[in-house]
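Structural characterization, general
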Amino acid sequence: MKINQIYVNLPVKDIQKTKEFWTNIGFSINEQITDEKAVCVMMSDNIQVMFLEEEFFQTFSERPVPKGDTTQVLVAIGLDSREEVD
């Protein structure tokens, strides 16, 4: 099995400000999976950070969004087929 993508998922309060920050310091955006609820920042060809609006982030976990006194991140990996995932 070979992982072809790594996605780090983080909650944010403001998608537009997050997008502006990362593009201003030189990172590109994967527009194919960016919308009003999420922005995908390309760290490399295989590593992407998904900044998710807090309410949207909540749809991926039953745990609450951290309030600043703790941290939480969701990590996802991409494989070549559903069979590899199974």
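Read on for a plain summary of the structure. Along each chain, residues carry numbers from 1 onward, in the same order as the chain's sequence is written. Two thresholds apply to this predicted model, a pLDDT of at least 70 for residue-level local features and 80 or more for giving and counting side-chain atom pairs, whereas whole-chain, interface and lining totals are computed over all residues. Only heavy atoms go into the side-chain values, all of them from the structure, while hydrogens and water stay out.

1. A word on the nonpolar core
With eight residues, the main nonpolar core is built from Val12, Ile15, Trp22, Ile29, Val39, Val41, Val49 and Phe51. Going through the elements one at a time, α1 (15–24), β3 (38–42) and β4 (47–53) are the ones with two or more residues in this core. Each residue touching Val41, except ones within four places of it in the same chain, is listed here: Trp22, Phe27, Ser28, Ile29, Ile47, Gln48, Val49 and Phe51. Take the buried residues of types Ala, Val, Leu, Ile, Met, Phe, Trp, Tyr and Cys, join any two whose side-chain atoms come within 4.5 Å, and each joined set is a nonpolar core. The classification of residues rests on relative accessible area computed with a 1.4 Å probe and restricted to protein chains. Under 20% of the type maximum is buried, over 50% is exposed, and intermediate values are partly exposed. Working definition: helices are DSSP H or I runs of at least four residues, strands are E runs of at least two. Numbering for both runs from the N terminus. Residues count as neighbours in contact if any of their non-hydrogen atoms are within 4.5 Å of one another.

2. Overview of the layout of surface pockets
Put plainly, a pocket is an open set of points on a 1 Å grid over the protein atoms alone with protein on both sides within 12 Å along at least five of seven lines, a cavity is a set where a 1.4 Å probe fits but cannot get out, and a lining residue has an atom within 4 Å of a point. Grid points are joined across faces, edges and corners, and a volume is the space filled by probe spheres set on the points. In this structure, the largest pocket encloses a volume near 170 Å³. Along the walls of the largest pocket sit Tyr7, Asn9, Ile33, Asp35, Ala38, Met50, Leu52, Phe56, Phe60 and Leu74, which together make up its complete lining. Of all the secondary-structure elements, those providing two or more residues to the lining of the largest pocket are β1 (5–12) and β4. Amino acids are sorted into nonpolar (Ala, Val, Leu, Ile, Met, Phe, Trp, Tyr, Cys and Pro), charged (Asp, Glu, Lys and Arg) and polar (every other residue, Gly among them). Of the residues belonging to the lining of the largest pocket, the class tally is eight nonpolar, one polar and one charged.

3. With respect to the packing of aromatic side chains
Within 6.5 Å between ring centres, the rings of Phe, Tyr and Trp (the latter by its six-membered ring) count as paired, and their orientation is classed by plane angle as stacked under 30 degrees, edge-to-face over 60, tilted in between. Enumeration over the complete set of coordinates arrives at four aromatic pairs. Ring centres of Trp22 and Phe27 lie 5.4 Å apart, and the angle between their planes is 70°; this geometry places the pair in the edge-to-face category. By relative accessible area, Trp22 is classed as buried at 19%. When the centroid spacing of 5.2 Å and the interplanar angle of 75° are considered together, the rings of Phe56 and Phe60 count as edge-to-face. Connected via pairs of aromatic rings, a cluster forms that spans Phe21, Trp22, Phe27 and Phe51.

4. Thoughts on α1
Restricting attention to buried positions, one finds in α1 the residues Ile15, Thr18, Lys19 and Trp22. Taken end-on, α1 shows its buried residues confined to a sector of 100°, consistent with a single buried face. The exposed set on the far side of α1, more than 90 degrees from its buried face, consists of Lys17 and Asn24. For α1, the elements touching its buried residues are β1, β2 (28–29), β3 and β4. Contacts described as polar in this section are N or O atom pairs within 3.5 Å, which, within protein, must combine one atom able to donate a hydrogen with one able to accept it, while residues neighboring in sequence count only if both atoms come from side chains. The opening residue of α1 is Asp14, an N-cap whose side-chain oxygen sits 3.0 Å from the backbone nitrogen of Gln16. Count one or two residues on from α1 and you reach Gly26, which has phi positive near 105°. The arc refers to the directions leading from the helix axis to the C-beta atoms.

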